[in-house]
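Structural description and commentary
As a plain string of letters, each chain reads:
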Amino acid sequence: SSGGGVTVTESTSPEVVADSSGGGVTVRLTRSPTSIDLDSSGGGVTLTVPDDGQAYAVDASASGGDTRVEVDTAADSGHRIKAHSSGGGVTIAYG
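A brief structural summary. Remember, predicted model here, so these are calculated numbers, not experimental data.

Before going further, it helps to examine the overall build of the protein. Looking only at helices and strands, the protein has zero helices and nine strands in total. Counting from the amino terminus, the protein carries its helices and strands in the arrangement β-β-β-β-β-β-β-β-β. In terms of C-alpha radius of gyration, the protein reaches 12 Å, essentially the compact-globule figure of 12 Å for 95 residues. Overall, the C-alpha framework of the protein stretches about 35 × 25 × 20 Å when taken along its three principal axes. Taking the contacts inside the protein whose residues are at least 6 apart along the sequence as the reference set, 33% of them involve residues at least 24 apart. For the protein, the exposed surface amounts to about 4,600 Å²; the carbon and sulfur share of it is 41%.

In structure tokens, the structure reads:
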């Protein structure tokens with residue numbers, strides 16, 4: 001999106017790609033993803049994944065706010081999360 005934010009709610013998709021230059025990106029998943037790629041230059045990035053014991057290989061950064069990774073991480077996990085923001089913070093959490 002170049003004119004506003006991106007919101008995905010209650011998704012069971014194993015792969016999600018979302019990019020926004022005009023607002024934040026918010027994604028809430030109800031099933032553990034295998035590949036997530038979220039980017040925002042116009043706001044923060046918030047990702048919520050189910051608390052089912054899955055660990056993730058996480059690549060997260062924020063130049064416009066704090067980076068909070070509140071999920072279990074494992075560099076060799078086959079479940080990968082990329083989340084970057086230059087317009088706000090990044091939060092990855094269970095929910």
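Here the narrative resumes, following the displayed structure.
According to the stated counting rule, one finds one salt bridge in the structure shown. One salt bridge in this structure joins Arg-68 and Glu-70, with 2.6 Å as the shortest N-O distance.

Spatially, E1-E3-E5-E9-E7 is the arrangement adopted by the five strands of the open sheet, whose pairing is parallel. A single partner strand is all that each edge strand has here, and the edge strands are strand E1 (6-11) and strand E7 (67-69). Each neighbouring strand pair of the sheet contributes to a mean axis angle of 10 degrees, computed without reference to strand direction. As defined by bridge partners, E1 adjoins strand E3 (residues 25-29) across four bridges and the pair is classed as parallel. In the sheet register, Val-6 faces E3, and the bridge partner there is Val-25.

So, how was this worked out
- Every residue gets a number counted from 1 within its own chain, in the order that chain's sequence is written.
- Since the coordinates come from a predicted model, pLDDT governs what is reported: local features require at least 70, and pairs of side-chain atoms require 80 or more to be given and counted, while whole-chain, interface and lining totals use all residues.
- Side-chain metrics rest on all non-hydrogen atoms present in the structure, leaving aside hydrogens and water.
- Each helix corresponds to a stretch of at least 4 residues labelled H or I by DSSP, and each strand to a stretch of at least 2 residues labelled E; elements are numbered beginning at the N terminus.
- For this measure, only C-alpha atoms enter the radius of gyration; the expected value for a globule follows 2.2 Å times N^0.38, where N is the number of residues.
- It only takes one pair of heavy atoms within 4.5 Å for two residues to be counted as in contact.
- The accessible surface values rely on the Shrake-Rupley method and a 1.4 Å probe; as for residues, cover is taken only from the protein chains in view.
- Counted as salt bridges are all cases of a side-chain nitrogen of Lys or Arg within 4 Å of a carboxyl oxygen of Asp or Glu.
- In this description, strands pair whenever DSSP reports at least two bridges between them.
- The convention used is that axes are lines fitted to C-alpha atoms, helices contributing only their stretch in contact, and that angles between N-to-C directions extend from 0 to 180 degrees.

Any link to function would need more than the numbers given here.
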